[in-house]
Amino acid sequence: MVEALNRPFLAADVGGTHARIALVARSTDSKTPVNVLHYHRYSCVEWSSLGAMLQDFVVQLAGTPHAAAARHIDRCALACAGYVLDGVIINENLPWPVPIAPIREGLGIDKLEVINDFEAVAYATQFIDASETRPIIETAQPISTGPMLVMGPGTGLGSAVLLPGQPRARVLPTEAGLVALAPGTEREIEILRVLRRDRPYVAYEDVLSGPGLQRLYRVLCELRGGEASLHTPAQITGAALAGTDAAALESLNVFCGLLGSFVGDLVLLYRASGVYLAGGILPQIQFFLQTSTFAERYFNKGVMRAFLQQVPVRLIEHGQLGVIGAAGWFLDTVHEEEAT
């Protein structure tokens, strides 16, 4: 097994919009668990299945300096949004089902391990430097070694908690994005009333995600007595940042306020010592987020305000973190299995 893990292997990070696939090799550098040898990002809607993307990636390797290694790939670490049930990864945000056995057989690999995509990102945060992050809320003290909350909106709303420990860190996966939406203003109560007309249960993910931002915009257009003229998250954020659509601007403001409130709740729930915000949306609105009501709502937790003022919030680019985290988790998990 040790010899096999010294060979390059596949690591994939699959979200609702993009799949990031890499050939990785174990690293001897303590600052990172693996070296990324070859990397490619796929658009999920352009492919018929995850298996087809993985097979295309392996074919690509034939034209790289890693062609020889590609002939001996027998391991894959797969980070994917959702959860595994009866051998299938369940996630309504993916454009196709993800059955595990056919993927393993199609690639001809011996071992395929699955981890939630935000678990993988959380695992990778122990290897990033503060210089690779951007501050949203600064504190007088650096991020400590306690639990770290990693969460963010993309196609869905992911969340996980990194628990530092020896001999290795652990990650607590969560489905926090699916807890019930708690409005904090009169406007948010109005929004919730509209959302409840066509669904018996409204979760934070229903508003704090790409589809959620679209939903907020449609609801606010209705409440403002107008028609929705923007139809994608990019159009809505673009119009909000440009100040060309009042409903889009209000939608992004509500989005940031609800996000601040939700992040504050999760920090209290896990007594986190720091927060990393990830996902596909937030890097695009960093400066808007910093001047929005995010911080006001984050701190607005009654007697716990002083505690939250000691918990920094920083923004990270998703990038290759998912594949690095999945690969690092895979190596550590296999070592642990060998030890027992």
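Residues numbered from 1 in each chain as written. Predicted model: local features only at pLDDT ≥ 70, side-chain atom pairs only at ≥ 80, totals over all residues. Heavy atoms only, no water.

Caption draft 1: Examining unusual backbone geometry more closely. Phi angles above zero are rare outside glycine, and Arg271 is one such case at about 45°. If you trace the backbone, Arg271 turns up in the loop between helix 9 (246–270) and strand 13 (274–277). (Helix = DSSP H or I, 4+ residues; strand = E, 2+ residues; numbered from the N terminus.)

Caption draft 2: Main features of the sheet that holds strand 13. In space, the 6 strands of this open sheet follow the order 9-14-13-10-11-12, with mixed pairing throughout. Two strands lie at the open edges of the sheet, namely strand 9 (134–137) and strand 12 (170–173), each paired on one side alone. Neighbour-to-neighbour, the strand axes of the sheet open up by a mean angle of 25°, direction not taken into account. Where strand 11 (residues 157–163) meets strand 12, 4 bridges bridge the pair, whose relative direction is antiparallel. For Ala160, the partnering residue across the bridge sits in strand 12 and is Pro173. Packing against the sheet, helix 5 (residues 117–124) makes contact with strand 10 (148–153), strand 11 and strand 12, and its axis sits at approximately 40° to strand 11. (Pairing = 2+ DSSP bridges. Axes fitted to C-alpha atoms, helices over the stretch in contact; angles between N-to-C directions. Contact = heavy atoms within 4.5 Å.)

Caption draft 3: Structural view of the layout of surface pockets. If you add up the space inside the largest pocket, you get close to 1000 Å³. For the largest pocket, the lining is made up of 45 residues, of which Asn93, Gly154, Thr155, Gly156 and Leu157 are closest to its centre. Of all elements in the fold, only strand 1 (9–14), strand 2 (18–26), helix 5, strand 10, strand 11 and helix 7 (210–223) reach the threshold of two or more residues within the lining of the largest pocket. For the lining of the largest pocket, the per-class residue count stands at 12 nonpolar, 23 polar and 10 charged. Together, 16 residues line the second largest pocket, and Ser30, Thr32, Pro33, Phe127 and Asp332 are the ones closest to its centre. (1 Å grid on protein atoms, 1.4 Å probe; cavity = no way out; pocket = protein on both sides within 12 Å on 5 of 7 lines; lining within 4 Å. Points joined across faces, edges and corners; volume = space filled by probe spheres on them. Nonpolar A, V, L, I, M, F, W, Y, C, P; charged D, E, K, R; others polar.)

Caption draft 4: Region of the structure containing the state of the cysteines. A full pass over the atoms with the stated rule returns 0 disulfides. Between Cys44, a free cysteine, and Cys80, which holds the nearest cysteine sulfur, the sulfur-to-sulfur gap is 8.3 Å. Since its relative accessible area comes to 0%, Cys44 is described here as buried. (Disulfide = S-S within 2.5 Å. Buried < 20%, exposed > 50% of the residue type's maximum accessible area, 1.4 Å probe, protein only.)

Caption draft 5: Focus on the nonpolar core. Residues Val263, Leu277, Phe294 and Tyr298 are the most contacted members of the largest nonpolar core, which totals 53 residues. Residue contributions to this core peak at 12 residues, all from helix 9. Non-local contacts of Phe294, meaning those with residues more than four positions away in its chain, are made with Ile136, Ile137, Cys256, Leu259, Gly260, Val263, Leu277, Leu289 and Val313. Judged by nonpolar contacts, the second largest core, of 33 residues, contains Val24, Ala120, Ala169 and Val323. (Core = buried A, V, L, I, M, F, W, Y, C linked by side-chain atoms within 4.5 Å.)

Caption draft 6: Region of interest: the side chain of Asn116. For Asn116, the location among the structural elements is in strand 8 (residues 111–116). One polar contact links the side chain of Asn116 to the main-chain amide nitrogen of Phe118, over a distance of 2.9 Å. Beyond its immediate chain neighbours, meaning those up to four positions away, Asn116 contacts Ala79, Cys80, Ala81 and Gly82. (Polar contact = N/O pair within 3.5 Å; in protein donor to acceptor, adjacent residues only side chain to side chain.)

Caption draft 7: Summary view of helix 7. Across its 14 residues, helix 7 extends 20 Å between first and last C-alpha, which sits within 8% of the 20 Å expected from 1.5 Å per residue. Of all the 14 residues making up helix 7, 10 are buried; the element is thus mostly covered by neighbouring parts of the structure. Tucked inside the fold, the buried residues of helix 7 contact helix 6 (186–195), helix 8 (233–242) and helix 9. The backbone nitrogen of Gly212 has a side-chain oxygen 2.9 Å away, supplied by the residue at the start of helix 7, namely Ser209. A positive backbone phi angle near 80° is found at Gly225, which sits one or two residues after helix 7. (Expected span 1.5 Å × (residues − 1).)

Caption draft 8: Examining the packing of helix 7 against helix 9 more closely. Direction vectors running N to C along helix 7 and helix 9 enclose 125°, while the axes themselves pass 9 Å from each other. In this view, helix 7 runs oblique relative to helix 9, as classed from their interaxial angle. At the point where helix 7 passes helix 9, the crossing takes the right-handed sense. On helix 9, the residues that touch Leu213, Leu216, Tyr217, Leu220 and Cys221 of helix 7 are Ala247, Ala248, Glu250, Ser251, Leu252, Val254 and Phe255. Looking at side-chain class alone, the contact of helix 7 with helix 9 contains 10 nonpolar, 1 polar and 1 charged residues. (Parallel < 35°, antiparallel > 145°, perpendicular 65-115°, else oblique. Left-handed = near helix turned anticlockwise from the far one by under 90°.)

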